[in-house]
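Results of the structural survey
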Amino acid sequence: MQKIRYIFLFLFGYQCYAQPDTLKSFELIDKSNTSIETDFIIDKPTEVNSSSNLTEILSNSLPIFIRNYGPGGIATLQLGGGTPQQTQLLWNGIKINYPSLGLSDPNVIPNGMIGGIDVSLGLNSQVHGSGGLGGTINLRPKQIDKSGIELELLGGSFGERALNASAYMLKKKSAFQIGGGSYQAINNFPFLNIAKIGRPTEYQEHAKVNRTYGHIQYKYYQNDKCFWGINGFLSHNFREVPPSLLSPSKAGLEDLMGLLQLSYHREFSKWKSETFLGYYGQIQNYQDSSTEIFSETKSKNLQFKSTWKRIYFKEKLSWRSSIDAMTQDLAVAAYEDIRMNLQASLSTFVAMQWKPSQRTYLTLRKEYNLQRFGPTTPTIGHEFIVQNKRYKPAIGISIGKNYRFPTFNDLYWRPGGNEQLEPESSNSASLYLRFMPLNKLLWYYEAYYNQTENGIRWLPTNGVWQAENVELQKQMGIRSRIETNFELKKLSFTLNSGFEGLISELKSSSNEWKESPFVPNFNFQASIKMEYNRWSLLYQNQMNSRYYTNFENSIFMPAVDLHSALISYKLNPQFKSGKHSKTNLHFNFRVRNAFNKMYQSTPYFPMPGRSYQISLIIKHA
Amino acid sequence: MRSLLYIFLIFLLSACDKDLIGPQYEIGNSSNQGRIYILNEGNFGSGNGSITQYDINSQTSANGIFQAQNGIPLGDIPQDMIRLGDEYWISVNNSGKVLICDTNFNLLNQIMGLGSPRFLKAFGNKVLCTDLYGNGIHVLDPNSYTKTGFIPIADWTEQLEVVANECWVSGVNTGQVYIINQQYMLEDSIALNKGPGKAIKDQNDFVWVLCSGGYQLEQPILYQINPQNKQVLQQHNFGGINNSPGSLQVNDAKDSLFFISGGVWSTSIYNAGVFTSLYNQNHTYYGFKYLGQNLMMLTDAKNYAINGWAYVLSSNGSLIDSLECDIIPGTIFSE
């Protein structure tokens, strides 16, 4: 029955991009008009999830698997059946994965500045650099298109409360945004303690979260072909580590992260250039969930990226080339010294529009990292658009290579770091089919295959656990995505859905294939937004199939199916003169986990059941 | 509109799910009918250590018996297991703890914060616990389940054995065998080669210690020691540092020694320089124990990433039975 349901979801899945303020302006993203290497574009994600963290935004927008260590704990992202280390998180092009562990934690990224999210899956992630074997998620800063202020007040179950404020200023030649906020939650939610006989209901303790952040953005437009900007954020996160079901230890972890980025855009007659200089620093406490071992890491990341694009034959052919360099240094007590990493890369990207119906792209990337060169990684893709105005069908294919360098821990952790490790390298291919009937429905299917060699695994060698290249991984999957919007009398509907079904397997040396741990066979997310006059209802659903938690496939986590709803009322007061106020009020009521599902994402880290949230958003323009 | 209704119905119905929460074992429960237990280390840092139970009479086995009994995982790298009255004590190395269970593996208590505990031994009215990085031996009280003392030793301490009124502890990096007295103090030491293993008593009450050489650092050597004066009576080289013998065992009559070095070997205590190969199928042999009644058990860690196996052998090296364990089967405990 469950399989039939998944087939249904793949073929007829539904879902929506909800934008409460701008439903009428909602337009399907016609991929034939966008850059070919971006798979998903989530615009204005915080319009509907203003009080959510990035984890919630992503899980409500993509068929992504997020391994969550409980509210307040870390969360890791997994795209395309890869490991968390094979999913790269970027802030406007800057890598913000932890240099030590190689993974990223979306729970600690402030969302006040996020204006859009670009998701590149598999091979397409090459455009952002190496490492994203599963995919890459690039967070873009907000576009400032008006002057005004925004204030949000929020309260909810389990001691949740938040205050967010932003001010925007738009002048003829400059745009400015400043904002900040704080978020607290006690997280004293009830859960079933499955570690005890009879599974008694207990209350989570010592799981408090406290986040404060500030962000700033400034853009100066010299003229319509030249502008420069600066943006940055500073975020402080404190979270208590609950005793969990495994350990009675109580501790608090504190992270501080800051980012500052300078950007310069310039257009010449035939050239367009974009140059970024970014600094990303982080002080992070990390506690291993199993071993309860603490490590404090201090990392600094300085990254330079310059991309040049030239247009030929009235945009029939474009050539884009980029050079980027990055230095990272990392201090971890266990390394006993500071480790440096210098990485430089040169890549070139050629996109050709042969005819109105055909376009091709080719990328080549070469990187230098840690005193060694990575392999040259080519990617080639071709898209054929059938000339049918009614359905706008298109078929595309891509094939290429990618790779990921080992993390600092893999190389230097004591004991067991292995400086002789080779990068993980993958070969991938994908085939997709896209329809856009009547410009009202986007229907997208993709099949892909990925094989990764030299997968890095920690194994006991001569009595000491050591990182080694032993693993062979493969992922075979299908993805579908459907988006639409329509009106029925006075009701407006906006729907979209994303589905991914895959088999992700791995094996070491001469042994049999096993399913990759923590990779569900199916991920699905969907939402429907209905609007009537000033009211709107947003219904969201996300689910994943069961997944194994060990390499032997003997222990599994059951499937999870979560539902949530958001009811909004928008008020724009009217004066006696008939004019409307410049102030908009939004009242929101949200129910998360509406069916009170008791579940865990990571074994023995309980997640909360049903919870409620109310918020008031004041917008003055 | 009707199709929308159908879609809603599907998703509302889907919310009525079965009540499974948290990790579930794919395989069956323990039957608690065996007397041989194999500690599977699991993947480092993954917390997926487990215990395999094997019934030598019915030749049946069950994996994951601790988790099946308690609903929580054993921890990261279970290292050693002893019996103390009606309790099993299990050291879990990378979780820094010692678990105390009843003989049905119901968790009774745990002692936390031990750093990197390795091997356990009841000595006097305490339990001694060696440590990989702790530079000493923990003294644990079996009544209060607390750590009540610590014996400082600047070394990676490993195997323990009670010899007369002393506890002999192997020091892996220095090649010393440390002698702990009944006052739980370091009293003496015996200098051997790197990587000494467990002290084994023979039928003449002499003690045998097999030094691995410390992973190709020194010559592996088998020593015979007089426990009275701590003098080395005889020593036998293994002919090269590439050998890495370990897991020395003795038979019921205590006149034959067994060990693993790429396979299972034996030697007589009266002709100790002559080593006889008993069993070798070119596997990754990791744990080894003489079970008694002319039976031995040998574990195969395969490539350390997939499920390992255990083999039951007769004392002449013939294969009697084999069973699949979890990842990296290591220490074997038998009643």
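Keep in mind the model is a prediction, meaning the values are calculated, not measured. (Residues numbered from 1 in each chain as written. Chains lettered and ligands numbered in written order. Predicted model: local features only at pLDDT ≥ 70, side-chain atom pairs only at ≥ 80, totals over all residues. Heavy atoms only, no water.)

For the rest of this paragraph, the subject is the overall build of chain B. The secondary structure content of chain B amounts to 2 helices and 29 strands. Every one of the 335 residues in chain B was classed for burial, and the buried ones make up 59%. Excluding contacts between residues fewer than 6 apart, the proportion of contacts in chain B whose partners are at least 24 apart in sequence is 41%. Within the structure as shown, chain B displays about 13,200 Å² of accessible surface, and the carbon and sulfur contribution to it stands at 46%. (Helix = DSSP H or I, 4+ residues; strand = E, 2+ residues; numbered from the N terminus. Buried < 20%, exposed > 50% of the residue type's maximum accessible area, 1.4 Å probe, protein only. Contact = heavy atoms within 4.5 Å. Areas by Shrake-Rupley, 256 points an atom, 1.4 Å probe, with all protein chains shown as cover.)

Within chain A one finds 3 helices and 35 strands. For chain A, buried positions account for 61% of its 621 residues. Expressed as a percentage of contacts within chain A between residues at least 6 apart in sequence, the contacts between residues at least 24 apart total 61%. Total accessible area on chain A is roughly 25,600 Å²; 60% of this is exposed by carbon and sulfur atoms.

Here we take up the sheet that holds strand E5 (residues 78–84) of chain B. Residues and elements named next belong to chain B. Here we have 4 strands laid out as an open sheet, ordered E5-E6-E7-E8, and antiparallel in their pairing. Lying at the two open borders of the sheet, with one neighbouring strand each, are E5 and strand E8 (107–111). Taking the axes of each pair of neighbouring strands and ignoring which way they run, one obtains an average angle of 20° across the sheet. As judged from the 4 bridges shared by strand E7 (residues 97–102) and E8, these two strands associate in the antiparallel manner. Its bridge partner being in E8, Val98 is matched across the sheet by Ile111. (Pairing = 2+ DSSP bridges. Axes fitted to C-alpha atoms, helices over the stretch in contact; angles between N-to-C directions.)

It is worth spelling out the nonpolar core at this point. One broad trend across soluble globular proteins is that nonpolar side chains are buried collectively. Residue and element names in this part refer to chain A. Judged by nonpolar contacts, the single largest core of 31 residues is most densely connected at Leu58, Ile117, Ile137 and Leu139. Among the secondary structure elements, those contributing two or more residues to this core are strand E1 (40–43), helix H2 (54–61), strand E3 (75–78), strand E4 (87–91), strand E6 (114–121), strand E7 (135–141) and strand E15 (251–267). Looking at this core element by element, the count peaks at 4 residues for E6. Excluding residues that lie within four positions of it along the chain, Leu58 makes contacts with Ile64, Ile66, Leu77, Ile117 and Ile137. (Core = buried A, V, L, I, M, F, W, Y, C linked by side-chain atoms within 4.5 Å.)

Residues and elements named next belong to chain A. Enumeration according to the criterion identifies 17 salt bridges over all chains in this entry. A salt bridge links Glu56 to Arg592, with the nearest nitrogen and oxygen atoms 2.5 Å apart. Here Glu56 is found in helix H2, whereas its partner Arg592 is found in strand E34 (residues 583–592), with 536 residues between them in sequence. Taken as a pair, Glu56 and Arg592 share a single burial class, namely buried. A salt bridge links Glu160 to Arg592, with the nearest nitrogen and oxygen atoms 3.3 Å apart. Taken together, the positions of Glu160 in strand E9 (residues 160–170) and Arg592 in strand E34 put the pair 432 residues apart, joining distant regions of the chain. The buried category is assigned to Glu160, whose relative accessible area is 8%. (Salt bridge = Lys/Arg side-chain N within 4 Å of Asp/Glu carboxyl O.)

Confidence along chain A averages 80 in pLDDT terms, with 82% of residues attaining 70 or more. Low pLDDT, under 50, characterises residues 12–34 of chain A; the stretch is placed with 90 contacts to residues that sit more than four places away or in other chains. (pLDDT = per-residue confidence, 0-100.)

Residue and element names in this part refer to chain B. When pLDDT is averaged across chain B, the result is 86; 91% of the residues are at 70 or more. Low pLDDT (under 50) marks residues 13–17, which in the prediction has 8 contacts with non-local residues, meaning those over four places away or in another chain. Every residue in residues 27–34 scores below 50 in pLDDT, and together they form 19 contacts with partners more than four places removed in sequence or on other chains. The ipTM value of the predicted complex is 0.75, and its pTM value is 0.68.

Residue and element names in this part refer to chain B. With respect to the helices and strands, Cys101 occurs in strand E7. Spatially, the C-alpha atom of Cys101 lies 9.6 Å from that of Arg83, the residues being 18 residues apart in sequence. Those residues in contact with Cys101 that sit more than four places away from it in its chain are Phe66, Asp86, Glu87, Tyr88, Ile90, Asn106, Leu107 and Leu108.

Residue and element names in this part refer to chain B. A sheet is described by the order of its strands in space; here 4 strands give the open sequence E4-E3-E2-E29, paired in antiparallel fashion. Single-partner strands in this sheet number two, and they are strand E4 (60–62) and strand E29 (329–334). Adjacent strand axes in the sheet meet at a mean angle of 20°, parallel and antiparallel pairs treated alike. As judged from the 5 bridges shared by strand E2 (residues 36–40) and strand E3 (residues 50–55), these two strands associate in the antiparallel manner. Considered in E3, the bridge of Tyr37 is made with Gln53.

Here we take up the pairing of strand E12 (residues 146–152) of chain B. All names here are of chain B. Here strand E11 (residues 136–141) runs beside E12; their pairing, made up of 6 bridges, is antiparallel. Bridge pairing in E12 links Asp141 to Thr146. Hairpin geometry of E11 and E12 is characterised by an intervening segment of 4 residues between the two adjacent antiparallel strands and by a positive phi of about 55° at Tyr145.

Our next topic: the packing of aromatic side chains. All names here are of chain A. Taken as a whole and assessed by the stated rule, the structure comprises 35 aromatic pairs over all chains. Ring geometry for Trp91 versus Phe233: centroids 5.7 Å apart, planes at 85°, classification edge-to-face. Linking Trp91 in strand E4 with Phe233 in strand E14 (residues 226–241), this pair joins segments that are 142 residues apart in sequence. Exposure remark for Trp91: the relative accessible area of 0% places this residue in the buried category. (Phe/Tyr/Trp six-rings, centres within 6.5 Å; stacked < 30°, edge-to-face > 60°.)

Residues and elements named next belong to chain A. Taken together, the side chains of Trp228, Ile230, Leu260, Leu262, Tyr264, Leu277, Tyr279, Leu302, Phe304 and Ile323 define a hydrophobic patch exposed on the protein surface, amounting to about 840 Å² of accessible area. Secondary-structure elements contributing two or more residues to the nonpolar patch are E14, E15, strand E16 (271–287) and strand E17 (294–312). Broken down by element, the nonpolar patch gets its largest block of residues, 3 residues, from E15. Here Tyr279 shows up in strand E16. Among the residues examined, Tyr279 registers a relative accessible area of 38% and is labelled partly exposed. (Patch = residues over 30% accessible without salt bridge, like charges linked within 9 Å, V, L, I, M, F, W, Y side chains within 5 Å.)

Another point: the pairing of E5(B). In terms of burial, E5(B) is largely enclosed, as 6 of its 7 residues are buried. The hairpin turn running from E5(B) into strand E6 (residues 87–92) of chain B, its antiparallel successor, is 2 residues long, and B:Gly85 in that turn takes a positive phi close to 65°.

Bringing the side chain of A:Ser564 into the picture now. All names here are of chain A. By the secondary structure assignment, Ser564 is in strand E33 (residues 560–571). Judged by its relative accessible area of 13%, Ser564 falls in the buried class. Aside from chain neighbours lying at most four places away, what touches Ser564 is Leu538, Tyr539, Gln540, Val591, Arg592 and Asn593.

Attention now goes to the environment of B:Ala62. Its location among the elements puts B:Ala62 in strand E4. A sequence separation of 261 residues divides B:Ala62 from B:Leu323, and the C-alpha atoms of the two residues are 9.4 Å apart.

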